[in-house]
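Chain and residue survey
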Protein chains: 2
Amino acid sequence: MQQPDKGATIEDMLPSWNDGEAKASIIEFVSRVTKKGGSQFVPPMDRIAVFDNDGTLWAEQPFYFQGLFVFDRVRALAPKHPDWREKQPFKAVLEKDMKTLAAAGLHGLIELVMATHAGMTTEEFERIVKDWLATARHPKFNRAYTDLVYQPMLELLSYLRANDFRTYIVSGGGIEFVRTFSERLYGIPPEQVMGSSIVTKFEVREGRPVLVREPKMDFIDDHEGKPVGINKFIGRRPIAAFGNSDGDFQMLEWVTAGTGLRFGIIIHHDDAEREFAYDRASAAGKLDRGLDEAPKRGWTLVSMENDWKRVFAFEKENGEQ
Amino acid sequence: MQQPDKGATIEDMLPSWNDGEAKASIIEFVSRVTKKGGSQFVPPMDRIAVFDNDGTLWAEQPFYFQGLFVFDRVRALAPKHPDWREKQPFKAVLEKDMKTLAAAGLHGLIELVMATHAGMTTEEFERIVKDWLATARHPKFNRAYTDLVYQPMLELLSYLRANDFRTYIVSGGGIEFVRTFSERLYGIPPEQVMGSSIVTKFEVREGRPVLVREPKMDFIDDHEGKPVGINKFIGRRPIAAFGNSDGDFQMLEWVTAGTGLRFGIIIHHDDAEREFAYDRASAAGKLDRGLDEAPKRGWTLVSMENDWKRVFAFEKENGEQ
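Moving on, we get to the interface of chain B and chain A. Taken together, the 33 residues of chain B in the interface contact 33 residues of chain A. Between chain B and chain A, the buried area comes to about 2,800 Å², and carbon and sulfur atoms account for 52% of it. On the chain B side of the interface with chain A, the three residues burying the most area are E191(B), F202(B) and K232(B), jointly 23% of the side's total. Counting the contacts that link chain B with chain A gives ten salt bridges. K232(A) is the salt-bridge partner of D218(B), the closest N and O atoms lying 3.1 Å from each other. In this assembly, chain B and chain A are joined by 18 residue pairs in polar contact (both at pLDDT 80 or more). Tallying contributions element by element places helix α10 (residues 225-233) of chain B first for the side of chain B that touches chain A, with five residues.

Within the secondary structure, P190(A) is located in the loop between α9 (182-186) and β3 (193-205). Taking C-alpha positions, P190(A) is 8.4 Å from V178(A), a pair spaced twelve residues apart along the chain. Discounting residues that sit within four places of it in the chain, P190(A) has contacts with R179(A), S182(A), E183(A), I234(B), G235(B) and R236(B).

Tallied over the full model, the rule gives 51 aromatic pairs over all chains. Taken together, a centroid distance of 5.0 Å and an interplanar angle of 15 degrees make the contact between F312(A) and F314(A) stacked. Here F312(A) falls in the buried class, since its relative accessible area comes to 0%. Aromatic ring contacts, followed pair by pair, group W58(A), F65(A), F69(A), F125(A), W132(A), Y145(A), F177(A), F181(A) and Y186(A) into a single cluster. Taking NZ or CZ as reference, K140(A) lies 4.5 Å from the ring centre of F276(A), over its face. Its guanidinium or amino end placed over the ring of F314(B), R143(B) lies 4.0 Å from that ring's centre, counting from NZ or CZ.

Turning our eyes to something else, we now look at the sheet that holds strand β4 (residues 208-219) of chain B. All names here are of chain B. Pairing in this open sheet of seven strands is mixed, and the strands run β4-β3-β2-β1-β5-β6-β7 from one edge to the other. The open sheet has two edge strands, β4 and β7 (300-303), and neither has a second partner. Averaged over neighbouring strand pairs, the angle between their axes works out to 30 degrees when direction is ignored.

With that settled, the discussion passes to unusual backbone geometry. Residues and elements named next belong to chain B. The step from Q61 to P62 runs through a cis peptide bond, and the omega angle for that step is 5 degrees. Looking at where P62 falls in the secondary structure, it is placed in the loop between β1 (48-51) and α3 (65-77). With a phi angle near 50 degrees, H223 is a residue other than glycine that sits in the positive phi range. By the secondary structure assignment, H223 is in the loop between β4 and α10.

All right, on to the relation of the copies chain B and chain A then. Each of the two chain copies can be brought onto the other by rotation about an axis and movement along it. Overlay of chain B on chain A (RMSD 0.0 Å): rotation 180 degrees, translation along the axis 0.0 Å. What the superposition gives is, in effect, a two-fold axis relating one chain to the other. By C-alpha distance to the rotation axis, the residue of chain B lying nearest is F233(B), at 3.4 Å.

On to the pairing of strand β5 (residues 240-243) of chain B, then. Residues and elements named next belong to chain B. Burial of the side chains of β5 extends over both faces: A240 and F242 are buried on one face and A241 and G243 on the other. Sheet analysis places β1 next to β5, joined by three bridges and oriented parallel. If you follow A49 over to β5, its bridge partner there is A240.

We now examine the side chain of S25(A). Residue and element names in this part refer to chain A. Looking at the secondary structure, you find S25 in helix α2 (residues 21-34). For S25, a relative accessible area of 17% gives the class buried. Each residue touching S25, except ones within four places of it in the same chain, is listed here: F263 and T300.

Residues and elements named next belong to chain B. Taking 1.5 Å of rise per residue, the 19 residues of helix α5 (residues 98-116) would be expected to cover 27 Å, yet its terminal C-alpha atoms sit only 18 Å apart, more than 12% below that figure. Along α5, the helix axis deviates most sharply at G105, where the bend reaches about 105 degrees. Those residues of α5 lying buried are L101, G108, L112, V113, M114 and T116. Buried positions along α5 lie against α3, α4 (90-94), β3 (193-205) and β4.

About the cut-offs
Residues numbered from 1 in each chain as written. Chains lettered and ligands numbered in written order. Predicted model: local features only at pLDDT ≥ 70, side-chain atom pairs only at ≥ 80, totals over all residues. Heavy atoms only, no water. Contact = heavy atoms within 4.5 Å. Buried area = accessible area lost by both parts, 1.4 Å probe. Salt bridge = Lys/Arg side-chain N within 4 Å of Asp/Glu carboxyl O. Polar contact = N/O pair within 3.5 Å; in protein donor to acceptor, adjacent residues only side chain to side chain. Helix = DSSP H or I, 4+ residues; strand = E, 2+ residues; numbered from the N terminus. Phe/Tyr/Trp six-rings, centres within 6.5 Å; stacked < 30°, edge-to-face > 60°. Buried < 20%, exposed > 50% of the residue type's maximum accessible area, 1.4 Å probe, protein only. Lys NZ or Arg CZ within 6 Å of the ring centre and 35° of its normal. Pairing = 2+ DSSP bridges. Axes fitted to C-alpha atoms, helices over the stretch in contact; angles between N-to-C directions. Least-squares fit on C-alpha atoms with pLDDT ≥ 70 in both. Expected span 1.5 Å × (residues − 1). Bend = angle between axes of the 7 residues up to and from the residue.

Nothing here speaks to function; it is all geometry.
Here it is in structure tokens:
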């Protein structure tokens, strides 16, 4: 067990965080739960921290990256589906009609997911996602989506793990989508990733057993679904939760209601220059109730603009890109 | 990383196994995948072994222990449900009419589970299970059900973990039922337990967030469901699988079809004296297809009578109880 319990060491592990209340609250929480003999000590097996992905570990604007992947899949598959040209919500994707798409909401997105994420084996799907991630570019930053991870959060993950925490992802995105990159990007292995899922079916094809993705929703890991999913996958209540939108509210509510010291953080996207500024009115990552209730619930609000020295690893120290 | 790579040490770790093909096949498999530089070396992160529970890690006769728990719950709740006296399958439970119960099959059992395992929070359910396990006695052995774990399998779990395997349970039984004892009995933490599940729902009760168990099946973790559940929870294919019934067939099929060295074991219950003898015709733990196909699929068949020096920890060396 390695515990960086000296000030200098701790600061070395969070170099992209500015000194301030947010950073101090993290360090205080970790110090208390790891202090042997302390009244708030938590044994390593119970040091579980859960992280939302979109908007918490990597960016989610102009739209959830998996949504952009879905749109690219619709375009790639469109030649085989001529009816999509006149059928919503496919028509809106092909015409880049974001207004109609936004109006179609979750229901419309699920319809697109069913049409593009099913019918193949789990291994074939993994290959399609990896190929897309290797070539697609973010429209604002003109970089791979996998470059859009938040450097301060990578440091936080490492800092927690150095203090014997296990770090889990609890994403509203697809579980098999996130698993294709979680280990490489965050050091989080597939068995520590939860997410929304579609039904898969066991089949023996030409003597070979495979798992085939079916066009049917299995579980939506968002809002009330997050504590439900955590309980199903982990079977015990984490002691720390990190999110950025109201989709994470119930996860933070449930985690911080446990007995003993608990910790909740909400990342507030208020940095239009280095990333994006959005909260109450956003289609992706809407933060409304959480912004109002964080102070009275004792959750730490992180200002990306003020608390983060840099947002992405590719930035220079002064924020230039 | 601790590797017991000397003969004496290895035998010390499996003292309840008789020398023979089964024990030799286990040791050979572990030696090969842990041999650095060997052509069949598997890195620790991929050393995942999955175990069925009923009939593989603990006994399952005269009926699955969770089934006996359900019957006890029906009896305990019966005074509040006078209609159960005339309503099947409840009537059969109250009258100990095992023939009618057997005929009601999985459908009948699910109906009983819905009526007895739902309506409370996850924490309340855990308490009910723990209270039952602390007091209920096995009809044949007159011991706590938690005494009915197989000593050779406990040694095997430890042996695998000493060789940097992670050990998981993949049970047809209820995930929250098995999690109440998995860590204490097997050293397997809740996050490494999969099982059948019912839907749980997030609610805020008097300002306190809770998860409430609903009378609705979520997932049946048996037969084709086992590889599906493993893929969902772990996200990668294990390299070793241990089962005892045809409910484990697809799990072994999927695990042993992966690339690289794989290992499958079926425990054959052929020891009427020390435990029970059953296979093709059994209601609980039926083993038919697996018995026929194990040899040609390269799976190891373990004879409880011949391969195990002792079955339970409470036996003396010579099998006396």
